[in-house]
Amino acid sequence: MAEDKKSILVVEDEAQISRFLQLELEHENYTCTICADGREALSTALDNEFDLIILDVMLPSLNGIEVLRRLRQVKQTPVIILTARDQVVDKVTGLDIGANDYMTKPFAIEELLARIRLHTKKKMSRANDLVCGKLSVNPDARVASYDGKNIDLTKKEFDLLLYLMQHRNIVVSREKLLDEVWGFDFYGSTNVVDVYVRYLRSKIDSVYKVEIIETVRGTGYVIR
Ligand code: CA
């Protein structure tokens, strides 16, 4: 596969549509992989790095919503849901569980191509990155960056930031953070959490003049 070609996984059980998509995508210089089965699509998406996934909802063995839900537990590959059903409930469910975009059949190929360009352009961060505004955390490489600049963190600082990023929008108590980041047998008070939050703020918030980690008085901390 050529380096500059972006790869797209098309998950669609209607051969006529997937064939059409393949021709159009290859014409636009994408490499295209086709899956007609939900389970097969999930394992293909998990085992390979795609730049984008086009995902039908009604599929054999595992529906597209379930494929997306399971995929999102592991990686953030951009997904455009493509379905014949234009019911609001489908759209909401899809977007709720992490679809990046949504198109209903019949679709205009030019519009789909435009959306593919949009969602494959956001490749500044790797597929597995946890992103919050300009803050990006990669759990595999254990690298955190702000606006593309690396943040130098100790192991515990990184673990704390990672935990908060994995639980974005959830207020996490000091006790919970102590248990999850330091472990149950840590001997000491929850003050250590406050100390490490201060370290993180001095390395991120103070440097970039932002408020990444929010204190919820009497409760704990949250990244939104
Ligand atoms: Ca279908």
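Participant: Looking at this structure, I do not really get the overall build of the chain. What am I missing?
Facilitator: On a plain count of helices and strands, the chain comes out with nine helices and twelve strands. A principal-axis box enclosing the C-alpha atoms of the chain has dimensions of 65 × 35 × 30 Å. The burial tally for the chain puts 46% of its 224 residues in the buried class. Sequence-distant contacts, at least 24 apart, represent 55% of the contacts inside the chain between residues at least 6 apart. A total of about 12100 Å² of accessible surface is found on the chain, and carbon and sulfur atoms cover 50% of it. Charge centroids of the chain, computed over 31 positive and 35 negative side chains, lie 5 Å from each other.

Participant: Even after reading the chapter, I still don't get the environment of L42, so can you show me in this structure?
Facilitator: Within the secondary structure, L42 is located in helix 2 (residues 38-47). Apart from the residues within four sequence positions on either side, L42 is in contact with L62, V67, R70 and L71.

Participant: Just to check I follow, could you spell out the coordination of the calcium ion for this structure?
Facilitator: Between any two of four tetrahedral donors, the ideal angle at the metal is 109.5 degrees; between two of six octahedral donors, it is 90 or 180 degrees. Protein ligation of the calcium ion involves D13 (OD), D56 (OD) and M58 (O), the donor distances falling in the range 2.1 to 2.3 Å. D56 sits in the buried class, given a relative accessible area of 3%.

Participant: Honestly, the packing of aromatic side chains in this entry has me stumped. Any pointers?
Facilitator: Aromatic rings in a pair are described by how distant their centres are and how their planes are angled relative to each other. Evaluation of the coordinates by the stated rule reveals four aromatic pairs. Seen in terms of ring centroids, W182 and Y196 are 5.3 Å apart; in terms of plane orientation they differ by 70°. Their pairing is edge-to-face. In this pair, W182 sits in helix 7 (residues 174-182) while Y196 sits in helix 8 (residues 191-203), placing the two residues 14 residues apart along the sequence. Overall, the relative accessible area of 12% leaves W182 in the buried class. Each residue in the set W182, Y196 and Y199 is aromatic and connected to the rest through ring pairs, giving one cluster.

Participant: For this particular structure, what's the right way to read the nonpolar core?
Facilitator: With 30 residues, the main nonpolar core has L160, L161 and L177 as its most contacted residues. For this core, the elements supplying multiple residues, two or more each, are strand 6 (130-132), strand 7 (135-138), strand 8 (143-146), helix 6 (155-166), helix 7, helix 8 and strand 12 (220-223). For this core, the leading source of residues is helix 6, giving seven residues. The residues touching L161, leaving out its near neighbours within four places in the chain, are L135, V137, A144, L153, L200, I204 and I223.

Participant: How do you make sense of the pairing of strand 3 (residues 52-56) when you look at a structure like this?
Facilitator: Each regular strand shows side chains that alternate between the opposite faces of the sheet. Where burial is concerned, most of strand 3 is hidden: five out of the five residues are buried. Burial along strand 3 is two-sided: L52, I54 and D56 facing one way and I53 and L55 facing the other are all buried. Where strand 1 (residues 7-11) meets strand 3, four bridges bridge the pair, whose relative direction is parallel. Within the sheet, the bridge partner assigned to V10 lies in strand 3 and is I54. Pairing between strand 3 and strand 4 (residues 79-83): four bridges, direction parallel.

Participant: What exactly am I supposed to notice about the packing of helix 6 against helix 8 here?
Facilitator: To characterise two packed helices, one gives the angle between the axes of the helices and the distance between these axes. With their axes 10 Å apart at the nearest point, helix 6 and helix 8 run at an angle of 90° to one another. Looking at the two axes, helix 6 sits roughly perpendicular to helix 8. The residues of helix 8 that touch helix 6, namely those facing K156, E157, L160 and L161, are V193, Y196, V197, Y199, L200 and K203. When grouped by side-chain class, the residues that make up the contact of helix 6 with helix 8 number seven nonpolar, no polar and three charged.

Participant: Help me understand the packing of helix 2 against helix 3 (residues 64-72), please; the structure alone is not making it clear to me.
Facilitator: At a minimum axis distance of 10 Å, the contact between helix 2 and helix 3 shows a crossing angle of 25°. By the angle class used here, helix 2 and helix 3 are roughly parallel. Note on packing geometry: the crossing formed by helix 2 with helix 3 is right-handed. Touching G38, R39, L42, A45 and L46 of helix 2 are V67, R70 and L71, all from helix 3. Classifying every residue of the contact of helix 2 with helix 3 gives five nonpolar, one polar and two charged.

Rules behind the numbers
Residues numbered from 1 in each chain as written. Predicted model: local features only at pLDDT ≥ 70, side-chain atom pairs only at ≥ 80, totals over all residues. Heavy atoms only, no water. Helix = DSSP H or I, 4+ residues; strand = E, 2+ residues; numbered from the N terminus. Buried < 20%, exposed > 50% of the residue type's maximum accessible area, 1.4 Å probe, protein only. Contact = heavy atoms within 4.5 Å. Areas by Shrake-Rupley, 256 points an atom, 1.4 Å probe, with all protein chains shown as cover. Lys, Arg positive; Asp, Glu negative; His and termini not counted. Charge placed at Lys NZ, Arg CZ, Asp CG, Glu CD. Donors = N, O, S within 2.8 Å, 3.2 Å for Na, K, Ca; no water. Phe/Tyr/Trp six-rings, centres within 6.5 Å; stacked < 30°, edge-to-face > 60°. Core = buried A, V, L, I, M, F, W, Y, C linked by side-chain atoms within 4.5 Å. Pairing = 2+ DSSP bridges. Axes fitted to C-alpha atoms, helices over the stretch in contact; angles between N-to-C directions. Parallel < 35°, antiparallel > 145°, perpendicular 65-115°, else oblique. Nonpolar A, V, L, I, M, F, W, Y, C, P; charged D, E, K, R; others polar. Left-handed = near helix turned anticlockwise from the far one by under 90°.

Without other data, these values stay purely geometric and don't point to any function.
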